[in-house]
Amino acid sequence: MRKRQVVLRRASPEEPSRSSSTASSRTVRGVRYGECQKNQAAAVGGYAVDGCREFMASNGEEGTVVALTCAACGCHRSFHRREIVTEVVCDCDSPPSTGN
């Protein structure tokens, strides 16, 4: 019986990249943009964020300036917290179950 094991974890930017040593597993990395960190009250000397929880790309072709603008808050993608998500996929063989 073949089992597929998926492990998701967040990698810190300081963590070195790890390569897979076995042929049956692979590492897939992706980037997710979380909550908006833009200080909306900087002009008056305060601190306030708008509460946008996740970057949602505006309708636009990928790679254009429009696609880099958040549809929820209107900020550029660089104001949103960048999270690197690592997925380790392992196709593992396991012994058959004995049905105890």
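Residues numbered from 1 in each chain as written. Predicted model: local features only at pLDDT ≥ 70, side-chain atom pairs only at ≥ 80, totals over all residues. Heavy atoms only, no water.

Novice: Now, about the overall build of the chain: what can you tell me, with residues and values included?
Specialist: A tally of regular secondary structure across the chain gives zero helices and three strands. Taken from the N to the C terminus, the helices and strands of the chain come in the order β-β-β. Taking as baseline every contact in the chain between residues at least 6 positions apart, the subset at least 24 positions apart corresponds to 56%. Summed over all atoms, the accessible surface of the chain reaches about 7600 Å², with 51% contributed by carbon and sulfur. (Helix = DSSP H or I, 4+ residues; strand = E, 2+ residues; numbered from the N terminus. Contact = heavy atoms within 4.5 Å. Areas by Shrake-Rupley, 256 points an atom, 1.4 Å probe, with all protein chains shown as cover.)

Novice: Which residues make up the environment of Ala57, and what are the values?
Specialist: As for its placement among the helices and strands, Ala57 is situated in the loop between strand S2 (25-36) and strand S3 (80-93). A relative accessible area of 45% places Ala57 in the partly exposed class. Considered as a pair, Ala57 and Ala67 are ten residues apart in the sequence and their alpha carbons are 5.3 Å apart. (Buried < 20%, exposed > 50% of the residue type's maximum accessible area, 1.4 Å probe, protein only.)

Novice: Any details on the confidence of the model for the chain? Residues and values, ideally.
Specialist: Any residue range with low pLDDT should be treated as having predicted coordinates unsuitable for detailed reading. Averaged over every residue, the pLDDT of the chain is 78; the share at 70 or more is 67%. Here strand S1 (residues 2-11) stands out as the least confident element of the chain, with mean pLDDT 53; S2 is the most confident, with 87. (pLDDT = per-residue confidence, 0-100.)

Novice: Break down the packing of aromatic side chains for me, with residues and values.
Specialist: This structure, assessed with the given rule, holds one aromatic pair. Judged by centre distance (6.1 Å) and plane angle (65°), the rings of Tyr33 and Phe55 are edge-to-face. With Tyr33 in strand S2 and Phe55 in the loop between S2 and S3, the pair connects residues that are 22 residues apart, well separated along the chain. Phe55 gets classed as buried once you look at its relative accessible area, which sits at 14%. (Phe/Tyr/Trp six-rings, centres within 6.5 Å; stacked < 30°, edge-to-face > 60°.)

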